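Observations on chain architecture
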Amino acid sequence: MAAEVLYVLCILYFLYKEAKLVIKMKTKYFKSFWNLFEVVTLSLAISAIVMYFFRLVVSWDVINKYKEDTNAFTNFQYLAYWDELYGYIISVALFLSTLKFIKLLRFNRRMLLLSETIRVCWYDVFMFLIIFGIIFFAFAHFAFLIFGITLKDFSTVVLTIESLFSTLLGKFEFEDMVMASRYLGPIFFFNYVLVVMFVMLNMFLSIINEGFSRAKANNDELKNELEIVDFMIDRFKKWTGFSEKRVQANYVKTYQYLEGADKEDIDCNEMREKLIEMVDRLNELVREEKRENKDVLDDVNDDKPRIIFTS
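A brief report on the enclosed structure follows. (Residues numbered from 1 in each chain as written. Predicted model: local features only at pLDDT ≥ 70, side-chain atom pairs only at ≥ 80, totals over all residues. Heavy atoms only, no water.)

Topic: the overall build of the protein chain
Broken down by element type, the protein chain carries eleven helices and zero strands. Each helix and strand of the protein chain, ordered N terminal to C terminal, gives the series α-α-α-α-α-α-α-α-α-α-α. On the protein chain, roughly 25100 Å² of surface is accessible, and the fraction owed to carbon and sulfur atoms is 65%. (Helix = DSSP H or I, 4+ residues; strand = E, 2+ residues; numbered from the N terminus. Areas by Shrake-Rupley, 256 points an atom, 1.4 Å probe, with all protein chains shown as cover.)

Observations regarding the environment of N75
Tracing the sequence through the fold places N75 in the loop between α2 (33-68) and α3 (77-99). Judged by relative accessible area, which is 45%, N75 ranks as partly exposed. (Buried < 20%, exposed > 50% of the residue type's maximum accessible area, 1.4 Å probe, protein only.)

Things to note about the nonpolar core
Formed by 22 residues in total, the largest nonpolar core has its most connected members in F132, F147, F154, L164, F188 and Y192. Put simply, the parts of the chain that give this core at least two residues each are α5 (109-147), α6 (157-168) and α8 (184-217). Per element, the largest residue contribution to this core is nine residues, and it comes from α5. Those residues in contact with F154 that sit more than four places away from it in its chain are A143, F144, F147, G148, T160, S163, L164 and M177. Among the nonpolar cores identified, the runner-up in size contains five residues, and A48, M51, W82 and Y86 belong to it. (Core = buried A, V, L, I, M, F, W, Y, C linked by side-chain atoms within 4.5 Å. Contact = heavy atoms within 4.5 Å.)

Section: unusual backbone geometry
Of note, the phi angle at K26 is positive, near 60°, even though the residue is not glycine. Summarising the element assignment, K26 is placed in the loop between α1 (2-25) and α2. The exposure class of K26 is exposed, given its relative accessible area of 59%.

Side note on a negative patch on the surface
Taken together, the side chains of D153, E173, E175 and D176 present a region of like negative charge at the surface. Mapped onto the elements, D176 comes out in helix α7 (residues 174-180). D176 gets classed as partly exposed once you look at its relative accessible area, which sits at 32%. (Patch = residues over 30% accessible without salt bridge, like charges linked within 9 Å, V, L, I, M, F, W, Y side chains within 5 Å. Salt bridge = Lys/Arg side-chain N within 4 Å of Asp/Glu carboxyl O. Lys, Arg positive; Asp, Glu negative; His and termini not counted. Charge placed at Lys NZ, Arg CZ, Asp CG, Glu CD.)

Things to note about the side chain of N35
Within the element layout of this structure, N35 appears in helix α2. Separated by 2.9 Å, the side chain of N35 and the backbone oxygen of Y29 make a polar contact. (Polar contact = N/O pair within 3.5 Å; in protein donor to acceptor, adjacent residues only side chain to side chain.)

Considering the packing of α6 against α8
Running from N to C, α6 and α8 cross one another at 65°; their axes reach a closest spacing of 11 Å. In the packing of α6 onto α8, the handedness of the crossing is right-handed. Contact residues: L164, F165, T167 and L168 in α6; F188, F189, Y192, V196, M197 and L201 in α8. The residue inventory of the contact of α6 with α8, partitioned by class, reads nine nonpolar, one polar and no charged. (Axes fitted to C-alpha atoms, helices over the stretch in contact; angles between N-to-C directions. Left-handed = near helix turned anticlockwise from the far one by under 90°. Nonpolar A, V, L, I, M, F, W, Y, C, P; charged D, E, K, R; others polar.)

A closer look at the pattern of salt bridges
Per the counting criterion, the structure on display carries four salt bridges. Ionic pairing is found between K100 and E38, a salt bridge with its closest N-O pair at 2.9 Å. With K100 in the loop between α3 and α4 (101-104) and E38 in helix α2, this pair connects stretches of sequence that are 62 residues apart. Since its relative accessible area comes to 24%, K100 is described here as partly exposed.

Some points on α6
Look at α6: 17 Å from first C-alpha to last across twelve residues, which is about the 16 Å you get at 1.5 Å a residue. Looking only at α6, the buried set comprises T160, I161, S163, L164, T167 and L168. Angularly, the buried residues of α6 cover 160° about the axis, an arc narrow enough to put them on a single face. Of the residues flanking the end of α6, it is G170, one or two places downstream, whose phi is positive at about 95°. (Expected span 1.5 Å × (residues − 1). Arc of directions from axis to C-beta.)

Overview of the side chain of S181
With respect to the helices and strands, the residue S181 is situated in the loop between α7 and α8. Apart from residues no more than four positions distant in its own chain, S181 is found in contact with I146, F147 and P186.

Focus on a nonpolar patch on the surface
A cluster of nonpolar residues, W122, Y123, F126, M127, I130, I131 and I134, forms a patch on the protein surface that exposes about 740 Å² of accessible area. Of note, I130 is situated in helix α5. By relative accessible area, which is 39% here, I130 ends up partly exposed.

Concerning the environment of L201
Following the sequence through the fold, L201 ends up in helix α8. For L201, a relative accessible area of 32% puts it in the partly exposed group. A sequence separation of 69 residues divides L201 from F132, and the C-alpha atoms of the two residues are 9.1 Å apart. Apart from the residues within four sequence positions on either side, L201 is in contact with L168 and V196.

What follows is the structure in C-alpha cells.
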C-alpha cells in the first residue's frame with residue numbers, strides 16, 4: 001500500500017511541475033518533443049491510477065456476489081478484461097518512463113549522436129515506412145490468398161504478416177511454399193526476398209547512414225554544452241582525488257638504469273633531447289615572427305602615404 005501511495009504522490013508532483021511549465025511557456029511548451037513525451041507518460045500514469053481503483057471496485061462487487069451464493073455461477077470475465085487492460089496501460093507507461101533515461105544521457109557524446117541521427121532522418125524514415133508498408137502488405141495479401149488454404153502459417157492475415165517478418169529474420173519454409181503452389185510459390189518467395197530484403201532494407205540502411213553522417217557533421221555545434229559537462233566532471237575528479245593531473249603531480253620519477261650505462265650519460269642524453277626540443281620551438285617562434293613582420297610590411301606598402309598636419 002505504501003508503494004501505491006508513493007506512486008500517486010510522485011505523479012501529483014510531476015503533474016504540478018508540468019502544469020507550471022505549461023502556464024509559463026504556454027504554446028511553446030507543446031513544440032518540444034520531450035514535453036509531449038512527458039504529457040503522454042503522465043496521461044497513461046493517471047489512466048493507470050483511475051483503472052486501478054475501478055478494477056478494485058469491480059473486484060469487490062464480484063467477490064461479494066460470489067460470497068452471497070457460492071453455488072451460483074459467477075462471471076469473472078468482466079473483471080479479467082479490466083485487469084488485462086490495466087496491465088497494458090502499466091506496461092506502456094513503464095516503457096515510456098524508462099525511455100526518459102535517454103534524456104538524461106543527452107550530454108554523452110555517443111548517446112547524443114544517436115538521438116541527433118534519429119532527429120535528422122526521422123522524416124525520411126517516416127516516408128520510407130509508408131512505402132515499405134504498402135509493398136509489404138501487397139506481398140502479405142498475395143501470400144494470404146495463395147497459401148492461406150493449405151498452409152497454417154498463412155491461414156489468417158495476422159499469421160501471414162508474422163510469417164513474412166520471420167522470413168526477414170531468415171526463418172521460412174520454402175518447401176511448403178513450393179508444395180502449396182508449384183509455380184507461384186517460388187515466384188513469390190524470390191520476388192519477396194529481392195524487393196523487401198535486398199532493396200528495401202538496404203534503402204533503410206542508406207537513410208540511417210546518411211542521417212548519421214549529417215548528425216556527425218552537426219555535432220560541433222553542441223561542443224560548448226559538452227565541454228561544460230566535461231569541465232564539471234574534471235573538477236569533480238580533482239576534488240575526489242581521481243584526476244590524472246593530481247596523480248601525475250604526486251608522481252616521483254624513477255630511473256631504470258641499463259646494465260653497463262652510466263648515470264651521467266643518461267642525464268646528458270636527456271639534457272640533449274630537451275635542448276633539441278627547445279631549439280625547435282625557438283625556430284618555430286622565429287619563423288612565426290618573420291611571417292608576421294612580412295605581412296605587416298606588405299600591408300604598409302599597399303597603403304597610400306598619409307599627410308599629417310601639425311601645428
